[in-house]
Structure formats: structure tokens, C-alpha cells
Amino acid sequence: MELPTKFSTRSHACGDLDSQNIDDEVALAGWVQKRRDHGGLIFIDLRDRSGLVQIVIDPQTPEAFSLAEKVRHEFVLAVKGRVTARPEGTVNPNLATGAIEVGATDIIILNTSKTPPFEIETELMVDENLRLKYRYLDIRRQPMLKNLINRHLVVTAVRSYFNSQGFVEVETPMLTKSTPEGARDFLVPSRLQNGRFFALPQSPQLFKQILMVAGMERYYQIARCFRDEDLRADRQPEYTQIDMEMSFVTQEDILKVIELLMADIFAAVGVSIELPFPRMTHKEAINIYGADKPDLRFGVPIVDISEIMAASTFNVFADTLANKGTIRGIKITPVKAFSRKELDELMGQAKALGAKGLVWMVVETNEKVKSPVAKFLSADEISNIISKFDAKTGDLILVVADNFETVVSVLGSLRLEMARTLDLIEDDFKFLWVMDFPLFKWNEQEKRIVSEHHPFTMPKTEQMHLLDSAPLDIFADAFDLVLNGVELGSGTIRIHQRSLQEKILKMLGLSSAEMTEKFGFLLDALEYGAPPHGGLALGLDRIIMLIQGCQSIRDVIAFPKTQTSSSLMTGAPDYVRPEQLRDLHIKTTELPAR
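In every chain, residue numbers begin from 1 and rise along the written sequence. Thresholds applied to this predicted model are a pLDDT of at least 70 for local features of residues and 80 or more for the giving and counting of side-chain atom pairs; totals over whole chains, interfaces and linings are not thresholded and use all residues. Note: side-chain values were computed over all heavy atoms of the structure, leaving out hydrogens and water.

(A) Local environment of the environment of Phe207. The way it works is that DSSP assigns letters per residue, a run of H or I at least four long becomes a helix, a run of E at least two long becomes a strand, and they are numbered from the N terminus. Structurally, the position occupied by Phe207 is in helix H5 (residues 205-213). Residue class for Phe207 comes out partly exposed when judged on its relative accessible area of 26%. With 48 residues separating them in the primary sequence, Phe207 and Arg159 have C-alpha atoms 20 Å apart. Exposure categories follow from relative accessible area, calculated using a 1.4 Å probe and restricted to protein chains: below 20% of the type maximum is buried, above 50% is exposed, and the middle band is partly exposed.

Shown next as C-alpha cells:
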């Protein structure tokens, strides 16, 4: 194999050259984006992390020209030459270095490359599985490179902000105790303690509370977390949180800190956001938007028409109200008229979402609608419906009658679907604090109450007296940060007294023995002067995904897993040797041949 015999350190990055460098002698290094032969001249687009620049090789430099003839896509080159202005008429205004080129005097082929399975081009669509298998090539593409660089800028901004506010970065354990509440833990067998297992942390929750007991007062961490769960576009088995906790604070203190943090994060990538963020109670979010993480980039609120339908003789509406249900709807101002087929498809979507049916109405005048149920409604009822929705000619009203949970869930989903279909969503960043979550919710399958957030959440002080008599009526000092319909993170004020923490755990069905087994170290710590404290964890991957306008967090993680939790590049997870299992005292029910 022929090896390069010389290489000198590069003097400039490819994308940093401009007209101020004309006549400079430069040394560059990078990958070949393109190679073109034009009438005796060879042109090479040389790319490194900073961008690309055009290299020109003239036959009058025979050694360099001979090597340039051998160059192919993704070869790695070192180039020396002089920066010159591009000839008139050849300037590329779409390229940062488009006003100049480098006349090569010397070229070294540092390495060759096989033909890549896809071109390293910004605009080309490539199958995701192929991209993940050859992730090292995918990251060379400008979109992925930009995603990871902006991720770095955000993490840098996070550390800078927290450091300036008196927070201390503390690393918490990656091998910890399994406390299965919610998602499954990833388990790690202990070789030294037969039959015992570590768990990879789903969050640093308990450790950061311990740090508050320890007197750290202000903690943060860029924390790696793990959940063994089915994957979606915004989920991965391993992910990163911006984790923080503060002592001697109120809910307002935490909200202010996080808002200023988000302003610094977005400023790091050149985006200005408006502070303070709007707020909405959990109850308002569900009632108005049918979701606890509403997307505010478009309107389309849910409207309650139960009252004006109270005397309706239309059986569907009358029966619903008689059974203590509700009648609600949304108004769409379409960019085009809906066909009957499209309206029927909407009815099918509503049923697939759990509704028994869907009533649609197209407004024709301020007193008349086109609808299959119009004949069952009185003139006053139709007029009142139009007025309640403030509907105009051509508007489409979609109505669902059912129990409250079904109605708001179906309408919330239809609201999002219609906004996407009709392109109603603004290109903007719309933040929202969702406040006053319920402390508990009822788990119908298990026939017991469970925590809405987690069992360490402080109930509203003024509602403590309801813990024994009406626990489902209690609100929590809990708050979610939502951006464009995506939950970025959840925060709460924590319980800092052992007696209250034990009471909450008991209400959740844990015996004294189970409390000690799962949370004994936290309960013990709370007896040693635990201060009032609270905090929040933000999903770093989700933040970057939204900033970069990506559809999946896989596009902002260097080496993500697929939706089957596999790494196509490394082949993980994989089988291990029998002797490794013996060391861990583990037997498998079946070990396929390798």
C-alpha cells in the first residue's frame, strides 16, 4: 500500500477562507465533495467541518495534476496553494467561499475511500436505516453536522448559564438501585454479588434530592438517562437531560431560572425568544386544547356547546347530556372546501380515536349549516352554535358528544391533524408553562391512585387537609415546560419531610417494608434537616430537535438507536460468550448459534 510521505499542519479551515485571504499561501485538508474535469483544468470541492472551498489544479503543476486525476469522492486530501479571486462570471453567491478559489501547487492523497453507499449531499433524501448503518458518513452531511455542532453550542450555553448563577455541576451514579416506577429499568448484573443487579438511572431524581439534603443548594448536570421502553420519534433508550435542583426556593424561583436558561440556549444558536413565557393551568389546557402539552402556534380552541344544547331533541346530544357527558367542538377555517368524501374520512378518524361518531357542519349563512344532522336541530340551536363558534361562511365545525375524557382527547387529536393538513401551523417557537397538575390520577386497570408526576411531588399546601378525604381533588406544586406541543421537561417542588413522604408512598400502595427497600436511603436523609427544595429536568435531545426543525431526536444524537432499540452500525445488542454469562451467574433459556 502506498503511504503519504509528507504532511504539514493545515493553516486554515476550508470554510473560513474569503476575499481577505486573496494571495495568501494556504495549507488545507479535508474530504473530496466533488471532482470535475473542465477543459484541461481539474476542479475539486474540498470539504471539512467548516464548509467547502473550490480547488483548481492546472496541468502546469504536473505532479499535483497527476494526483488530482486519481482523486474520487470522499478521498482525504492535503492541499497547498494560493488563494485567488474567482474569474468574473464564476462567483457562487450561495457558497460562503464562493468568491475565491485555491490554485493548488501541491496535493497529497492522505487516504482513499470506497464509493459511499450514498452521496454526502445536503439536499439528498437517504433511507434512515442506511444512514444509521453508515453513521460516520451520515455525520459528514451538512444537516447532521450542523445538528451536532448546535447541540455542542447549547450544552456550552447551559454550563455557562448555570455556572454564572451559582450552580455546581455534580455527576451522579450510572450504576444505581432499581426503583421500578413507570418505565422499565435497564438492569446490569453484578459479578461480585451473585444474583444482584444494578439499574441504569431513569433520572438522577433521588440523588439530586440527596444533594439538597447535603447542602449543595444549587446543582445541575448534563445527565445521561436510560429507559427500557417502546420507542417513538421523541424517545430513545438512552437520552440526555438538563437536570437541576435548588434549595430554599419557591415555584416562581425555578420558573425564572429556567426561562433565563432557555433564553441563553436559543441565543446560542442565534434565536431570540420572548420572556416571560405564558402560563396555563392543566385544567385549562385540557379544556381548551384537549392536551396537557398544547401547541400554541395555531388557534382552533375547543368550544363547549353543552349548555346551548341542553334542550336539544337530537337523540345523540340528548342522551349524552342525560348520561352526564359533554358536547364540544372545534371550528376550522379551511383554505378549500371539503368534499363529502373528506368529511366522511374525518368521521372515520374520530371513530378510530375513540369517539362513537362525529357531527360536521359547514356554515352557509349566519343561520344555516350544511350537515347530515341539520334536520334534527332547531333554527335557534343552529344559530346559537354558529354564534358560539363565531363562525363565518365556509367554516367547518366538528362536534363530538361523549364523556369528557373522550371528547377532549378526540378533538385535541383532530385539532392537530387539521392544523397539519391545512398548513395552519406558524413557523415559530411558542413556549408555555402548564401549571397546577393534579397530584394523583386514577389508574383504572390497577384500581388505585398513582402519581401524576412522581411520588416525591409536594401537594399544594392549602390542600393538605384533603389527603385523606379527597386525594384526587388535590393539585401539586408541579409544572411542565411545553414548546410547540412538545413537553420539554417537568418540574416540581419536592416533599422534604419524612412523615409526609411516607404518607404519600402509603397512599400509592407501598407497605413500610417496600418503602424501606426502595426509598429507605431518601427517607433516612429527610430526617437530617432536609431543606425545602425543587427542580426540573429538560430533555436536551428534544430541545435540539425543535431548534433544528427535525422530526426525530435520532437526527440530533450522534449514534442513536433504531425503533427496535438496535444500533445498526455496531450491531448492538448482541450475544455474549458463554463464559461471560457464567461469570455473571446467568443462564439464558435459549442461546442461538452465533
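(B) Region of interest: unusual backbone geometry. With an omega of -5°, the peptide bond between Leu275 and Pro276 qualifies as cis. A cis amide bond, omega -5°, links Ala572 with the succeeding residue Pro573. With respect to the helices and strands, Pro573 occurs in the loop between helix H14 (540-548) and helix H15 (578-583). A positive phi angle, near 55°, is found at Asp423, a position not held by glycine. In this structure, Asn484 is a non-glycine residue whose phi angle is positive, near 55°. The class of Asn484 is buried, set by a relative accessible area of 8%.

(C) Molecular detail of the sheet that holds strand S21 (residues 486-493). Following DSSP output, two strands are said to pair if at least two bridges run between them. What the eight strands build is an open sheet, ordered S6-S9-S10-S22-S21-S20-S17-S11; its pairing is mixed. The strands lining the two open edges of the sheet, one partner per strand, are strand S6 (168-169) and strand S11 (279-281). As paired elements, S6 and strand S9 (residues 218-226) share two bridges and run parallel to each other. Residue pairing for S9: Val168 is matched across the bridge by Tyr219. Any pair of residues with heavy atoms lying within 4.5 Å of one another is described as a contacting pair. All axes here are fitted lines through C-alpha atoms, helices being fitted over the stretch that makes contact, and every angle between N-to-C directions spans 0 to 180 degrees. Contacting S9, strand S10 (238-247) and strand S22 (533-539), H5 runs over the sheet at an angle of about 25° to S10.

(D) Representation of the nonpolar core within the structure. Formed by 77 residues in total, the largest nonpolar core has its most connected members in Phe162, Ile242, Met244, Ile258, Met262, Ile265 and Leu538. In terms of residues, this core owes the most to one element, helix H6 (residues 251-268), which gives nine residues. Apart from the residues lying within four places of it in its own chain, the contact partners of Ile258 are Met244, Trp433, Leu481, Leu536 and Leu538. Grouping buried Ala, Val, Leu, Ile, Met, Phe, Trp, Tyr and Cys residues that are joined through side-chain atoms within 4.5 Å yields what is termed a nonpolar core. By size, the runner-up hydrophobic cluster in this structure holds 24 residues, among which are Cys14, Val26, Val102 and Ile109.

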